[in-house]
Amino acid sequence: MKRWRLMRHIGAKVARWLLPALTLAALVAIWQLAASSGALADLLGLEPFLVPSPAEIGSALWENRSLLAENARVTLEEVLLGFLIGLVAGLGFAVLLRLSETLRRAFYPLMVGSQAVPILVFAPVLVVWFGYGIWPKLVVVALVCFFPIAVNAADGLRSVDPEATKMMRSLDASRGQILRRVEIPTSLPFVFSGARIAATYAPIAAVFGEWAGADSGLGVLIRLDSARLETARLFAAAAVLAAIALALFALIALAERRIVTWR
Amino acid sequence: MVSIRAVSHSYGELEAIDGLDLELPAHRVLALVGPSGCGKSTLLELIAGLQQPSAGAIEVDGAGAAPERLARCALMPQRDMLLPWLAAIDNAALALRNRGARRGAARAEAGRLFEQFGLAGFERARPAELSGGMRQRVAFLRTLVAGKPLLALDEPFASLDAITRAEMQGWLATALAAEARSVVLVSHDIEEALYLADRVVVLSSRPARVAAAIDSPAPRAADRDAAVTQPAFVAARERAMAALHGGSR
């Protein structure tokens, strides 16, 4: 009986992954056929070398592995450091807004409004301000990560049941203890959804930062290959960037599962 | 222990409580019953020092200012408000931790009561793994472990089914017999109030006034089922019921 249930559990898990995996495989297969037969190029009215097949992208990935790895390391550093700066600043700011109603009323509407502002277009300005090194990229990535994390964390800290606050006050809790023992744990699921949004923006922000001015990184490589019509390597660089984004997303999902164990 | 004199309270235009006088001697249980929305929970929060009344004076154990009342009273809110990320024992030990006790010491002190409260073996269980009755007992334990002279219980068993509620009333009666504390209990259940309290105060609908004060004939009797069918108990219940219905008209 127990073994049967375990089998069914594994079966359900496989079924959940199997269908999307098969769909992905089917899409890649269709692309392979359409590209290698020249049908896709004909359809787009392009020379066949501009429309690489998955197999060609795969071999470009392998042949350029050290070049891609070198540039991926630069971009990964910008993404991770920028994300961490945005995370720490966003959480700190959210706590500040929770502790001061005046600050909250002053800043919260601006924070929500700022999410409609395309921060990425300021990347060239930041290069003028912060120079050619890693800093303008870190600032773009951190800014892009800051807002979703700060807004979600601020909402999470406010979502505490007022009855829980009364209970804690009646049990001699200080303001700081209510924050630490009740408000911060309550806000964690909100913080993680903010972090997931930030994680999807961070690699795009790093590439924008590199486009504004850099001599290495996947963004630089993508722009060079685009100018040189090296489409297979262009796709390979894009695939590496996608892998960085997915890895960051997966890391956050894993952290959430390890930390938020009560849901 | 608790003395309430000419207390009125309003939220803006809304008058919640109007000129209330109440007394609770030490180590007694006072129950507040009344129609829903009559301001019972507000009164409890005022007594517990979570708010200051608009007018009048409240003293708990000789202390009049709200922060001093807060220091002398532990509130058990209507829903259990157990923190889902903490184990049962850490929920029970919250007050000790808030006062700066180390985790080990706080657990040891709160853990001593788990056996007596029928919670032995569930120290490390998260609230989601406990039944409704057990959660309520952990919430009461958390209130008791705070070690305050006055307990303010806001409809502690309202969320439970009828059978579990009767069980929990018997259990609370035993717990109060073992551990002499002064208690203000808000309830919407007259039978529960008369069984658990020494004195039941029936409040009118908003703004709350005292509609009747009835002494219980058999507070916390050992045999609950026998006690609640005694003629004196039935008569007291009928008086309370009449006051309640008169008060809500």
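The structure displayed is predicted, hence computed values, not measured ones. (Residues numbered from 1 in each chain as written. Chains lettered and ligands numbered in written order. Predicted model: local features only at pLDDT ≥ 70, side-chain atom pairs only at ≥ 80, totals over all residues.)

Describing the overall build of chain B
Okay, step 1: A count of helices and strands for chain B gives 10 helices and 9 strands.
Okay, step 2: For chain B, the C-alpha radius of gyration of 18 Å lies close to 18 Å, the compact-globule estimate for 249 residues.
Okay, step 3: Along the first, second and third principal axes, the C-alpha set of chain B runs to 50 × 45 × 30 Å.
Okay, step 4: Looking at chain B residue by residue over its 249 residues, the buried ones come to 44%.
Okay, step 5: Put simply, 68% of the contacts in chain B that link residues at least 6 apart link residues at least 24 apart. (Helix = DSSP H or I, 4+ residues; strand = E, 2+ residues; numbered from the N terminus. Rg over C-alpha atoms; globule rule 2.2 N^0.38 Å. Buried ≥ 20, exposed ≤ 12 C-beta atoms within 10 Å, placed from the backbone. Contact = placed C-beta atoms within 7 Å.)

A short note on the overall build of chain A
Okay, step 1: In terms of regular secondary structure, chain A is built from 11 helices and 0 strands.
Okay, step 2: Scanning chain A from its N terminus toward the C terminus, one meets helices and strands in the order α-α-α-α-α-α-α-α-α-α-α.
Okay, step 3: Relative to the compact-globule value of 18 Å for 263 residues, chain A shows a C-alpha radius of gyration of 23 Å, a clear excess of over 25%.
Okay, step 4: For the C-alpha atoms alone, the extent of chain A along its principal axes is close to 75 × 65 × 30 Å.
Okay, step 5: The 263 residues of chain A split such that 35% are buried.

Points about the sheet that holds strand E3 (residues 29–33) of chain B
All names here are of chain B.
Okay, step 1: Spatial ordering of the open sheet is given by E5-E6-E7-E3-E8-E9, a layout of 6 strands whose pairing is mixed. The sheet terminates laterally at strand E5 (73–76) and strand E9 (210–215), the two strands that pair on one side only. Each neighbouring strand pair of the sheet contributes to a mean axis angle of 15°, computed without reference to strand direction.
Okay, step 2: When strand E8 (residues 199–203) meets E9, the two strands line up antiparallel, connected through 5 bridges. Bridge pairing links leucine 203 to valine 210 in E9. (Pairing = 2+ DSSP bridges. Axes fitted to C-alpha atoms, helices over the stretch in contact; angles between N-to-C directions.)

Topic: the interface of chain B and chain A
Okay, step 1: On the side of chain A, 14 residues touch chain B, which itself brings 19 residues to the contact.
Okay, step 2: Of the residues contributing to the side of chain B that touches chain A, the split by class is 15 nonpolar, 1 polar and 3 charged. (Nonpolar A, V, L, I, M, F, W, Y, C, P; charged D, E, K, R; others polar.)

A closer look at the domain arrangement of chain A
Residues and elements named next belong to chain A.
Okay, step 1: Under the domain assignment, chain A is made up of domain 1 (1–51) and domain 2 (52–259).
Okay, step 2: One C-alpha centre belongs to domain 1, the other to domain 2, and the line joining them spans 29 Å.
Okay, step 3: With 7 residues of domain 1 in contact, the opposing surface of domain 2 contributes 6 residues.
Okay, step 4: In the side of domain 1 that touches domain 2, the residues fall into 5 nonpolar, 2 polar and no charged. (Domains from an automatic or database assignment.)

Some words on the environment of B:Leu144
Okay, step 1: Residue position: B:Leu144 is located in helix H6 (residues 132–145).
Okay, step 2: In the structure, B:Leu144 is positioned 104 residues away from B:Lys40 in sequence and 21 Å away in space, judged by C-alpha atoms.

With respect to the pairing of E5(B)
Residues and elements named next belong to chain B.
Okay, step 1: In E5, alternate side chains face the same way, and those of Cys73 and Leu75 on one face and Ala74 and Met76 on the other are all buried.
Okay, step 2: Where E5 lies against strand E6 (residues 150–154), 4 bridges are found, and the strand directions are parallel. Its bridge partner being in E6, methionine 76 is matched across the sheet by leucine 153.

Brief notes about the packing of helix H9 (residues 175–212) of chain A against helix H11 (residues 231–259) of chain A
Residue and element names in this part refer to chain A.
Okay, step 1: At a minimum axis distance of 9 Å, the contact between H9 and H11 shows a crossing angle of 165°. Viewed along their axes, H9 and H11 adopt a mutual orientation that is roughly antiparallel. Crossing hand, H9 versus H11: right-handed. Counting all contacts with H9, which are made through Leu188, Phe192, Ala195, Arg196, Ala199, Thr200, Ala202, Pro203 and Val207, the residues of H11 involved are Leu241, Ile244, Ala245, Leu248, Phe249, Ile252, Glu256 and Ile259. (Parallel < 35°, antiparallel > 145°, perpendicular 65-115°, else oblique. Left-handed = near helix turned anticlockwise from the far one by under 90°.)

Some words on the sheet that holds strand E1 (residues 2–11) of chain B
All names here are of chain B.
Okay, step 1: Taken together, the 3 strands give an open sheet; going across it, the order is E2-E1-E4, and neighbouring strands pair in antiparallel fashion. Looking at the sheet topology across the chains shown, the edges are occupied by strand E2 (14–24) and strand E4 (55–60). Direction aside, neighbouring strands of the sheet carry axes that sit 25° apart on average.
Okay, step 2: Both E1 and E2 contribute to a ladder of 7 bridges, which runs antiparallel. In the strand pairing of E2, valine 2 is matched with leucine 24.
Okay, step 3: Strands E1, E2 and E4 of the sheet are contacted by helix H1 (residues 40–47), whose axis makes an angle of about 120° with E1.

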